[in-house]
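Working through the structure, step by step
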Amino acid sequence: VQAHRLCPPRGAGSSLEPEERSMEPPAVPEEEEEDEEEGAVPLSMAPGPVGCQLFGYVGIEAVLDQMKIKTMKTGFEFNIMVVGQSGLGKSTMVNTLFKSKVSRKSSQPGQEERIPKTVQLQSITHIIQEKGVKMKLTVTDTPGFGDQINNDNCWDPIIKYINEQYERYLREEILITRKRKIPDTRVHGCVYFVPPTGHWLRPLDLEFMRRLSKIVNVVPVIAKADTLTLEERAEFKQRIQEDLKTHAISVYPQEDFDQDPEDRALNNRIREKIPFAVVGADQEHQVNGKRVLGRKTKWGIIEVENPAHCEFPLLQDLLIRSHLQDLKDITHNVHYESYRVRRLNESNRPG
């Protein structure tokens, strides 16, 4: 009692005053109680605005420069497959795409070209460097495809090869101690060369694209389009588009993978032009004082990179300048993911 009398009165502001602690929660004002009952969020917990206005330069955009520098140092991989009958200009087209001798024939001069009895896949890898950016390019050719009298199941070796690359990547990915960067040999794009017949697609073309479009990005092109007149080319292209739609064949760029309205608008313009009518040439000619890639004929020079002559620039833009990363993303996130899920489900089945 005596100690209690020595304590100063409550509210005197002394730091020695003992606090009376209670186990009951602190009283909440009536207005706050009403807010909580109505489900309102207290001010201290209210989420901030989506966008925040900065008062000065922070440097967030520098991450783009960091990504660019890192990519230039490490480089990246791009794997392309060309499929079609012999004599359609596959090797020439690849050389024209990358403006260098990267095809199978260019890498093996002096060897006699023989049509194999079965489809034999041959891959050539090159390191291409442009303005400090390194790209490891792998070109896979399919000599023997569609060259035989009986072409039944001639797509089997191609399907097997594509799945083998998925399997190789999967084995590296599921290791406990895996590599920091897994070598990527997966096929990112398959360019299918349609013969310039001017008629409908052959059953071989339809069956190949139907099977392969489920596991890889297929880009159909009309080979040697300079053998067709402009009217024949437009009519042939329309027939091919009708065939693809009738048989529900989804070639690249697929409508299901458009991410936003901007991508959809761009891809719709590309889909209207598919299949691209292309002409390949790896020789330069003098035209109006300029050196241009083209094919020399009796009536003039067909300029490969001139949109008025052929649609090769559209194919080059699609494969390299505008959709190269998208080809790799769809290969990894869609085709490879589908293969990975199927293989892991198979391995988890009892027995």
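Residues numbered from 1 in each chain as written. Predicted model: local features only at pLDDT ≥ 70, side-chain atom pairs only at ≥ 80, totals over all residues. Heavy atoms only, no water.

Under the convention used in this document: UniProt positions are given in the numbering used here, feature names are shortened, and annotations may be inferred rather than shown by experiment.
The protein chain appears in an unreviewed UniProt entry as SEP12 protein from Agelaius phoeniceus. Per UniProt, the comment on the protein chain under Subcellular location (unreviewed entry) is "Cytoplasm, Cytoskeleton". Among the UniProt annotations of the protein chain, the heading Sequence similarities (unreviewed entry) holds the following wording: "Belongs to the TRAFAC class TrmE-Era-EngA-EngB-Septin-like GTPase superfamily. Septin GTPase family."

1. Notes on the pattern of salt bridges
Keep this limit in mind: Between Lys or Arg on one side and Asp or Glu on the other, a salt bridge is scored when a side-chain nitrogen of the former is within 4 Å of a carboxyl oxygen of the latter. Comment: elements are numbered from the N terminus, with helices defined as DSSP H or I runs of at least four residues and strands as E runs of at least two. Only protein chains enter the accessibility calculation, which uses a 1.4 Å probe. A residue is then buried if its area is under 20% of the maximum for its type, exposed if over 50%, and partly exposed in between.
For the structure on display, the rule yields 15 salt bridges. Taking the shortest distance from any N to any O, the salt bridge between Arg 295 and Asp 226 comes out at 2.5 Å. One end of the pair, Arg 295, is in strand β8 (residues 290-297); the other, Asp 226, is in the loop between β5 (218-222) and α8 (230-246), and 69 residues separate them in sequence. Here Asp 258 and Arg 271 are joined by a salt bridge, their closest N and O atoms 2.7 Å apart. Linking Asp 258 in the loop between α8 and α9 (261-273) with Arg 271 in helix α9, this pair joins segments that are 13 residues apart in sequence. An identical accessibility class is assigned to Asp 258 and Arg 271; each is buried. A network of salt bridges, in which partner residues are shared, links Glu 167, Arg 171, Arg 343 and Glu 346.

2. Here's the deal with the packing of helix α6 (residues 156-173) against helix α7 (residues 203-212)
Angle between the axes and distance between the axes are the two parameters that describe a pair of packed helices. Defined as follows: Axis lines are fitted through C-alpha atoms, for helices just across the contact stretch, and the angle between N-to-C directions can take any value from 0 to 180 degrees. Convention used here: angles under 35 degrees read as roughly parallel, angles over 145 as roughly antiparallel, angles from 65 to 115 as roughly perpendicular, and any remaining angle as oblique. Whether a crossing is left-handed or right-handed is set by the direction in which the near helix is turned from the far one by less than a right angle, anticlockwise for left-handed and clockwise for right-handed. Any two residues whose heavy atoms approach within 4.5 Å at even a single point are treated as in contact. In this classification, the charged set is Asp, Glu, Lys and Arg, the nonpolar set is Ala, Val, Leu, Ile, Met, Phe, Trp, Tyr, Cys and Pro, and all remaining amino acids, among them Gly, are polar.
Contact geometry of α6 with α7 gives a least axis separation of 11 Å together with a crossing angle of 15°. If you check the angle between α6 and α7, you find them roughly parallel. The two elements α6 and α7 meet at a crossing, and its hand is right-handed. Here Ile 158, Ile 159 and Ile 162 of α6 lie close against α7, whose contacting residues are Phe 208, Arg 211 and Leu 212. A class-by-class count of the residues in the contact of α6 with α7 yields 5 nonpolar, no polar and 1 charged.

3. Notes on the packing of aromatic side chains
Any aromatic ring pair is given by two values, namely how distant the centres are and how the planes are angled relative to each other. Cut-off, in case you're wondering: Between 30 and 60 degrees the pair is tilted, below 30 it is stacked and above 60 it is edge-to-face, where a pair is any two Phe, Tyr or Trp rings, Trp via its six-membered ring, whose centres lie within 6.5 Å. Our definition puts a charge over a ring when NZ of Lys or CZ of Arg is within 6 Å of the ring centre and also within 35 degrees of the ring normal.
Applying the stated criterion to the full structure yields 6 aromatic pairs. On the numbers, 5.1 Å between centres and 65° between planes, the contact of Phe 145 with Phe 208 is edge-to-face. Of the two residues, Phe 145 is situated in the loop between β3 (133-141) and α6 and Phe 208 in helix α7; the sequence distance between them amounts to 63 residues. On the basis of relative accessible area, Phe 145 is assigned to the buried category, the value being 1%. Judged by centre distance (6.1 Å) and plane angle (55°), the rings of Tyr 166 and Tyr 336 are tilted. Here Tyr 166 is found in helix α6, whereas its partner Tyr 336 is found in helix α11 (residues 324-348), with 170 residues between them in sequence. In this structure, Tyr 166 and Tyr 336 share a single accessibility class: buried. Across the ring face of Tyr 169, the terminal group of Arg 186 is positioned such that the distance to the ring centre comes to 3.7 Å. Directly above the aromatic system of Tyr 336 lies the positively charged group of Arg 186, at a separation of 4.9 Å from the ring centroid.

4. What about helix α4 (residues 90-98)?
Helical periodicity: at 3.6 residues per turn, an α-helix aligns residues three or four positions apart in one direction. A large share of α4 lies buried, amounting to 8 of its 9 residues. Considered for burial, the residues of α4 that qualify are Lys 90, Ser 91, Met 93, Val 94, Asn 95, Thr 96, Leu 97 and Phe 98. Lys 99 lies just past α4 and shows a positive phi near 50°.

5. With respect to the sheet that holds strand β9 (residues 300-303)
Note the cut-off: Only when DSSP finds a minimum of two bridges between them are two strands counted as paired.
Across the sheet, 3 strands lie side by side as β7-β8-β9; this open sheet has antiparallel pairing. Every other strand in the sheet has two partners, leaving β7 (284-287) and β9 as the edge strands with one partner each. Averaged over all neighbouring strand pairs, the angle between strand axes comes to 70°, with direction disregarded. Examined bridge by bridge, β7 and β8 share 4 bridges and lie antiparallel to one another. Bridge pairing in β8 links Glu 284 to Leu 293.

6. Regarding the nonpolar core
Here is the rule: Nonpolar core, defined: a set of buried Ala, Val, Leu, Ile, Met, Phe, Trp, Tyr and Cys residues in which side-chain atoms within 4.5 Å join the residues together.
The biggest cluster of nonpolar side chains holds 73 residues, and the ones touching the most others in it are Phe 145, Ile 158, Ile 162, Phe 208, Met 209, Leu 212 and Leu 315. Looking at which element gives the most residues to this core, the answer is α6, with 7 residues.

7. Let's talk about the pairing of β5
Basically, it comes down to this: Every crossover in which the path from the first strand over the helix to the second runs clockwise, viewed with the strands pointing away from the viewer, is termed right-handed.
Across the 5 residues that make up β5, a large majority, 5, are buried. Pairing analysis gives 5 bridges linking strand β4 (residues 189-194) to β5, with the strands arranged parallel. Each bridged residue has a counterpart across the sheet, and for Cys 190 the counterpart in β5 is Val 218. Since β4 and β5 lie parallel, the crossover through α7 that links them has a hand, and here it is right-handed. As judged from the 2 bridges shared by β5 and strand β6 (residues 276-277), these two strands associate in the parallel manner. By the bridge assignment, Val 221 is partnered in β6 with Phe 276.

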